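Okay, here's what each chain looks like letter by letter:
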Amino acid sequence: MNVMQEMWLVAAKDLRIEARSRVTLQQIVPFGLIVLLLFAFALDPDRGILKRVAPGLFWVTVLLAALLAVSRSFGIEADNGARDGLRLSGLDGAAVFLGKALALGLQLLLLEAVLTACVIVLYGIELNTLVPLVLATVTATIGVAATGTLYGVLAAGLRVRETLVPLLLLPVVAPVLLGATRAWEAAIDGIPSDAWPWVALLGVFAVLFTTIGMLAFGPLLEEA
Amino acid sequence: MRLLKPQVSTALGWLSLVSLVVLALFGLWGAPPDEVQSDAQRLMYLHVPMAWIAYLAFGVTALASALWLWKRTRSSVWDRVAGASAEIGVLFTALTLVLGSLWGRPVWGIWWAWDARLVTTAVLFFLYLGYLALRRVPAPPETRAKRCAIAALVAFADVPIVHFSVTWWRTLHQQGTVFNAELSAHIHGVMAFTLWFGVFAFTLLFVYLLDRRYRLLALEEQREEREVDQAIAERIGTSTAPPAPPSPPTPPVEVGASG
């Protein structure tokens, strides 16, 4: 099997578990929705504040939900010695990384699609220029999925995993929040030229951390 | 188990203390007050060298982590250097932020500004705070060293991206930050000397602290090993064989001999 086939194998495994357990769909997505609702309680919805800051709120919500998704992604490897199985499977470390990141990324995209619909409905924003918006979302999601998977395996098996991963992950993905929010703002304002530098930055972030993850995942999985 | 010879370390400690006293004299009385900011500007002689040490320390952490990961130079020395340096880095980043805030209040009238450098430094602080938290998680030495070395390099790789994103963010939306004229402005000879001397004094302090922290980490590891050996010996002693001395006999650790 080559790396791509191995990647699909791992991704399909994670997605199959999700299809049967529906944790992302029934717990993480509703969590994102309630956070969006709470933002409306915290900020006065009548004065147009929500509409102005909607991209930032959206991406903060995505990051918070991503923390749960990362926790879930490595939680399913914690039981029944699944991590040992993964280690003994003989799959390439880089392929396992790509597979887990892919499954995580696809689940995040699903979450983002639902949350986008809610932001449109609840906060009253209009999406004008779709191409930069979609590209920014996809590149940002790749970046979050790559760093999330990397830190997920780094902290896998540690007793303080749940509290350590947010502290490690959030500062690292701070540029993703910045870039994705600015790109969304530019796209919503209908100025795509302002969005492209941010999309490029998100792309660099995604490529950099996917590369690091492919190199580091194997050695980290051995130790976890 | 040591970075520097005890005599060198002690001498370095005294030298950095004397340098810091000299720096204080120059900073408080030697250098003239600033034309615009008057005495508040004197904080620069601490603030800038501390920021320099913070960056230096994170650079050392990244370098040591890379040296640990490279198989030909792998040694627990680099793991300890990385950990010791990161601790100093986090401390000085925090001091940089606090001092900067204290300086900003009288000069800009605010404690905090969303300036690119401030925000980058704040993110840096949290990046390495997470790294220190990871270091504190107990694990076999080899496992922990590998995990931490990778985490340090990931954090380091993130720094330029954080810097660029924050710089773009603040310059696309806000023209001209408070910092623009800072060091490009003409600077009085004594002031420049004091600033450079501050960098020198704090670099000495950094090397001294790094050596001391390294020594402490090494001693802690030694103690742990000895305790494990002792526990094993006691176990063996109570169950089967007559009480045996801890094997292998470890040399007494000279605490305090080096200061």
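Model, not experiment: these values are computed from the prediction. (Residues numbered from 1 in each chain as written. Chains lettered and ligands numbered in written order. Predicted model: local features only at pLDDT ≥ 70, side-chain atom pairs only at ≥ 80, totals over all residues.)

Caption draft 1: Main features of the interface of chain B and chain A. The interface of chain B with chain A comprises 23 residues on the first partner and 24 residues on the second. Sorting the residues of the side of chain B that touches chain A by element identifies α4 (116–136) and α5 (141–173) of chain B as the ones contributing at least two each. With 16 residues, the single largest contributor to the side of chain B that touches chain A is α5 of chain B. Partitioning the side of chain B that touches chain A into residue classes produces 17 nonpolar, three polar and three charged. (Contact = placed C-beta atoms within 7 Å. Helix = DSSP H or I, 4+ residues; strand = E, 2+ residues; numbered from the N terminus. Nonpolar A, V, L, I, M, F, W, Y, C, P; charged D, E, K, R; others polar.)

Caption draft 2: Structural context of the environment of Ile 161 of chain B. Secondary-structure assignment places Ile 161 of chain B in helix α5. The exposure class assigned to Ile 161 of chain B is buried, which follows from the 22 C-beta atoms found within 10 Å. Linking Ile 161 of chain B and Thr 120 of chain B, residues 41 residues apart in sequence, is a C-alpha distance of 9.8 Å. The residues touching Ile 161 of chain B, leaving out its near neighbours within four places in the chain, are Pro 175, Val 204 and Phe 205 of chain A. (Buried ≥ 20, exposed ≤ 12 C-beta atoms within 10 Å, placed from the backbone.)

Caption draft 3: Just the nonpolar core, in detail. Ala 136 and Leu 202 of chain A together with Ala 57, Ala 151, Ala 152 and Phe 206 of chain B are the most contacted members of the largest nonpolar core, which totals 130 residues. The element contributing the most residues to this core is helix α2 (residues 44–69) of chain B, with 15 residues. The residues contacting Ala 57 of chain B, other than those within four sequence positions of it, are Ser 85, Ala 86, Ile 88, Gly 89, Phe 92 and Phe 206 of chain B. (Core = buried A, V, L, I, M, F, W, Y, C linked by C-beta atoms within 7 Å.)

Caption draft 4: Representation of the packing of helix α5 (residues 93–123) of chain A against helix α9 (residues 192–223) of chain A. All names here are of chain A. Direction vectors running N to C along α5 and α9 enclose 105°, while the axes themselves pass 7 Å from each other. Between α5 and α9, the interaxial angle falls into the category roughly perpendicular. Of the residues in α9, those touching α5 at Gly 93, Ala 94, Val 96, Phe 97, Leu 98 and Ala 101 are Gly 213, Met 214, Phe 217, Gly 218 and Leu 221. Looking at the contact of α5 with α9, its residues break down into eight nonpolar, three polar and no charged. (Axes fitted to C-alpha atoms, helices over the stretch in contact; angles between N-to-C directions. Parallel < 35°, antiparallel > 145°, perpendicular 65-115°, else oblique.)

Nothing here speaks to function; it is all geometry.
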